[in-house]
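Listed here are the chains, written in short residue letters.
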Amino acid sequence: MEKYDPGAVEQKWQQYWSKNPYLALDFGKKPKFVMLTEFPYPSGDGLHLGHTREYTYGDIIARYKRLQGYNVMYPMGFDAFGLPTENYAIKNNITPQEATERNVATFTDQFKSLGYSFDWTRVINTTDPGYYKWTQWLFLQFYKHDMAYQEESSINWCPRCKTGLANEEVLSSGRHERCETLVEKKKLKQWMLRITKYADRLIEGLENVDYPSRIADQQVNWIGRSEGAEISFVVAPAESETSGEATHKIKVFTTRPDTICGASFLVLAPEHPLVDRITTKDAKPEVNSYKKMVAAKSEIARAEEKNKTGVFTGAYATNPISGDKMPIWIADYVLATYGEGAIMAVPAHDERDHEFASKYSLPIVQVVAAEEANPVDPPRAGKKNTKRQTVSCLVKHPEKDEYLTINWTKRGWRTLPKGGIEDGETAEEAARREITEETGYKNLKYLGEMPYCRHSCFYAAHKDINRDITTIYLHFQLEDLDRDQPELDEIEAAEGIEAVWAPRSDLSSLTPHDPLDIITDWLDGKMICHTDCGTMINSGEFDGLLSSDASEKIIAKLESMGAASRKTSFKLRDWIFSRQRYWGEPIPIIHCADCGAVPVPDKDLPVVLPKVDSYEPSDTGESVLASVPDWVNVPCPKCQKPAKRETDTMPNWAGSSWYWLRYFDAHNDQAFADPKKLKYWGEVDLYLGGMEHTTLHLLYSRFWHQFFYDHKLVPTPEPYAARRGQGIILASDGRKMSKSLGNVINPTSVINDGYGADALRLAIAFLAPFDQTTPWNPEGVAGTYRFLVRVWNLCQQAQKSDSETVKAIPAEGWAAELRRVRAKTVKKVRDDLDGMHFNTAVAALMGGLNDLSKHGPDKETMADFCLLLSSFAPHISHELYHQLTGKQLDTAEFPTYDEKDLVDTEVEVVIQINGKVRSKVKVPADQVTQETLQSIAENDVRVKQFIGSTPIKKTIVVTKNRLVNIVI
RNA sequence: GGGCGAGUGGCGGAAUGGUAUACGCGGCAGACUCAAAAUCUGCUGAUCGCAAGGUCGUGAGGGUUCAAGUCCCUCCUCGCCCACCA
């Protein structure tokens, strides 16, 4: 073959591979490496470019690891249950089974045309009864350990798909993640999996695996663990209703028990079960109409509602610490599904509560004072503590957005005007006095007091005491600048202070005595006091404590009163596992009037999907399976009386929650996998997949695996040793590829355009860092194709005559130079493959080729080049390697290099003057030493021109970077 | 509002604190050709200059350093995920 013909080359090698397949060897002696990529949903549209990116990366690593001597498993399968296939079948008037078969065949052809080195003997299909038998069996293990249960609850319902959904499948916009239909709430009896039992484990397990932080963080965030306390509030019996009913207790969950004295009211979710019982007669009509209004609102409307609404129930509870009477309200900003469905509202320290309290005029009490940082003089042990109240004054300029600040020139401080409140003085009087003393201004208009005070404790050297200070902030505006020239108090003047007008943006230069964050919030009209940590005030016996300590003490006190317990809450909900569609694994349960829910005995598995005429579920929320009497009506496995099969099917996440384990033993009909094989293959070494599955498949499958581990079904606690997420390929217009936008790129058509699979694979690898979302550049394939043509031609040239090329170049330098280029390229490609920097590895190959073609390489060098290239472009590499060596590429080892060859004989030394490049000199490599470089640099002609007579201050020589910097 | 990440030529993107823009795309010029395509060679950050060469330049502003795309602080913009989570 004179000319590169990708069609012919690729066909030839794909045929070769079908006769000489890549196999993963059970119990192989070589070290094992499991390269897993997420198996596709075989849709009717065929493979898209996103799949191609994922599987190309996987194939590059699999092939690289094989050449490095690993027993590589790179498996593939099909996750084929689910609605799209059902819809595709309806549209094409075939059964979902037929549709799946058809689509799987298309995908398989496409995979083969891309040269992926999957082990085709291990292909799995989740819709194969031989596979879903074990999905059902594993489900029953959950059931038998009380991890699967049925519950009548309000679930997410997709009216278009006519099926229930898990929380994870609902987008934040309230739409179904697959079809984008608005999700409704529906009451249905559903199968649930207790994933919440594993909430902690799912977080802890992340410490022992290699996941990028964005994936680990997202899972942690989704699980949403928060620690706090569950506090009970006793409802005071309403006076008008002396029916003698037992007192009610309202439980709330809070992460901030320290703020309990600031809890001025309680709020229940409108759906809270106690609402009806505690509402007083007078409040009933209003409460009921509010509940009705809320019930009528959709989830999204509720979430989008910006203004908080609520109504008073007429009832009161008692604050167990302060003893205060707290009105009980209901409001839809409190979620029924989180915590206890009720909160203690602390309006001073929570924005939402603040908004609500302001709207309905409920009391706002600050209980945590932000701690002023005191960088200068922290309190000293053994000194007397003196309490004191001080004022800080914010004085606004009459015209500009500027404020008075004081420069304490002797101390180097800058503060707001401030000082202590003396006996018999009001805060305002003290403020006016201090402002006048420190700035001379007198004509002040009082604007008000900031609702939150601050606390600080420091050592006052001039009095030799510790001062425990509470600071109140007062706001003034200067009335008239002209009439009010600053006239300093003599004593203050002696202190060396001066008043300066500072624009608001400049207030950040104030000494941290003054709380810029709070001042700006106040000026911006945000009245909330953000205090993660501070000093307790208005909290009786807890005053003066740090809030974190107070939290502990308050919980302890409440516990001793029997009014609270420590508790951890999670955002994670149990997994709704029922679907009301046909095309899924039947849930292997039989309902018996006497025995209840009875698992289908192992010997009767799988429960095979019956053939049906139509796939549409009924409007009652039952799947179509309910209308197949022969299938539904079966004897109870326990008592043999007539019973009925469960007609719900599993979600399409079920089959994928354990599929990688099946690759380890794909044809076992005695167990889901042989324990010895599970042990040999162990954890998946690298799992590549989409970021969109972080809180869906990835979390679900980790949950299943952890459960399996606990019941000794698998040998490792975590399924995947390392996980990476590949980025999305956007269309070249920068938008998402989608059929409706008509900007979808089909990998098969790129191959058929004449570029071939190798050029496409290279273009994908070269596109961008693997985890980066980036637009597709159609011209990129033309570039990688040209590169392959050059590789082909250079190999032909190398074969024709080694001697001819040798003649062209002095023999000695030629060989050394070739070795150097080879070593450099091998190192870069190896390092980049190890670090998954595929794009720069391809760049190195291109650069290497450019260098090699200048020197006229020999056959051996080109054979090594083909090995480097082979994981990216396997077809052409196999062909050229065979041409060059007469051997099969797969029998070779990945090239290594000699460190000595990396050393250049001559290097370029950069000479900088004051950090700017002024000259470059070629220096023999053996002369790169501190002394020689320094003298070469200082004597360089151009350098001398530059320096002139200016004396050299210092010369820095960096030998490892071949750089000299002369400082003048 | 919370979490994570990113800002570098016309474009995709390179760069262990040490020559910014590797590699590729696109563009320009030339060679080959009757011509075109393909291929090959050269040029291609901005700006001033006839040139040698200078100056500026990695979102903005400060700082550390002999030296900053890279480290620190402040800010701006964009992307993704989550979001009334108590």
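Quick caveat, the model's predicted, so the values are computed rather than measured.

Trainee: What is the right way to look at the confidence of the model for chain A in this model?
Mentor: Interpretation of this model should avoid reading the predicted coordinates in detail wherever pLDDT is low. Counting all residues, the mean pLDDT for chain A is 89, and 92% of those residues have values of 70 or more. This prediction of the complex comes with two scores: 0.91 for pTM and 0.96 for ipTM.

Trainee: When you look at the environment of Leu818 in this model, what are you seeing that I'm missing?
Mentor: Examined against the element boundaries, Leu818 turns out to sit in helix α23 (residues 811-834). Leu818 gets classed as buried once you look at its relative accessible area, which sits at 4%. In this view, Leu818 contacts Leu852, His855, Gly856, Pro857, Asp858 and Thr861; residues no more than four positions away in its chain are not counted.

Trainee: Is there a simple way to think about the sheet that holds strand β25 (residues 575-576) in this case?
Mentor: The strands that make up a sheet are held in pairs by hydrogen bonds between backbone atoms, and each pair lies either parallel or antiparallel. In spatial order, the strands read β6-β5-β7-β25; together these four strands make up an open sheet with antiparallel pairing. Only two strands of the sheet have a single partner each, and these edge strands are β6 (163-165) and β25. Pairing of strand β5 (residues 148-158) with strand β7 (residues 184-193) involves ten bridges; the strand directions are antiparallel. Opposite Trp157, over in β7, you have Glu184 as the bridge partner. Contacting β5 and β7, helix α5 (residues 129-144) crosses the sheet at an angle of about 90 degrees to β7.

Trainee: Explanation requested: the protein's contact with RNA strand B in the structure shown.
Mentor: Neighbouring RNA strand B are 53 residues, the closest being Thr255, Lys308, Arg352, Lys920 and Asn961. The sugar-phosphate backbone supplies 58% of the atoms of RNA strand B found within 4 Å of the protein. Between RNA strand B and Lys308 there is a distance of 2.5 Å, counted from a base oxygen to a side-chain nitrogen or oxygen. Within the surface near RNA strand B, the residues separate by chemical class into 20 nonpolar, 16 polar and 17 charged.

Trainee: Can you walk me through unusual backbone geometry in this structure?
Mentor: For residues other than glycine, phi is negative in most cases, and the peptide bonds are mostly trans. In this chain, Leu605 is followed by Pro606 through a cis amide linkage whose omega measures -5 degrees. Of note, Gln640 is a non-glycine position whose phi angle comes to about 70 degrees, a positive value. Take Gln640: it is sitting in the loop between β28 (633-635) and β29 (642-645). Its relative accessible area of 52% is what places Gln640 among the exposed residues.

Trainee: Explain the packing of aromatic side chains here, please?
Mentor: Each aromatic ring pair is specified by the distance between its two centres and by the angle formed by the two planes. In this structure the tally under the stated criterion is 63 aromatic pairs. On the basis of an interplanar angle of 80 degrees and a centroid distance of 4.8 Å, the ring pair of Tyr64 and Phe894 is categorised as edge-to-face. Within this pair, whereas Tyr64 is found in helix α2 (residues 49-67), its partner Phe894 is found in the loop between α26 (874-885) and β34 (906-913), the two being separated by 830 residues in sequence. Judged on exposure class, the residue Tyr64 and its partner Phe894 are both buried. Directly above the aromatic system of Tyr149 lies the positively charged group of Arg194, at a separation of 4.1 Å from the ring centroid. Positioned over the ring face of Tyr687 is Arg723, at 4.7 Å from the centre of the ring.

Trainee: Where do I start with the environment of Ala430 in this structure?
Mentor: Within the secondary structure, Ala430 sits in helix α12 (residues 427-439). As for Ala430 and Gly419, which are separated by eleven residues in sequence, their C-alpha atoms are 7.6 Å apart. Contacts of Ala430, omitting those with residues within four sequence positions, involve Val391, Gly420, Ile421 and Glu425.

Cut-offs applied
- Residues numbered from 1 in each chain as written.
- Chains lettered and ligands numbered in written order.
- Predicted model: local features only at pLDDT ≥ 70, side-chain atom pairs only at ≥ 80, totals over all residues.
- Heavy atoms only, no water.
- pLDDT = per-residue confidence, 0-100.
- Helix = DSSP H or I, 4+ residues; strand = E, 2+ residues; numbered from the N terminus.
- Buried < 20%, exposed > 50% of the residue type's maximum accessible area, 1.4 Å probe, protein only.
- Contact = heavy atoms within 4.5 Å.
- Pairing = 2+ DSSP bridges.
- Axes fitted to C-alpha atoms, helices over the stretch in contact; angles between N-to-C directions.
- Near = heavy atom within 4 Å.
- Polar contact = N/O pair within 3.5 Å; in protein donor to acceptor, adjacent residues only side chain to side chain.
- Nonpolar A, V, L, I, M, F, W, Y, C, P; charged D, E, K, R; others polar.
- Phe/Tyr/Trp six-rings, centres within 6.5 Å; stacked < 30°, edge-to-face > 60°.
- Lys NZ or Arg CZ within 6 Å of the ring centre and 35° of its normal.

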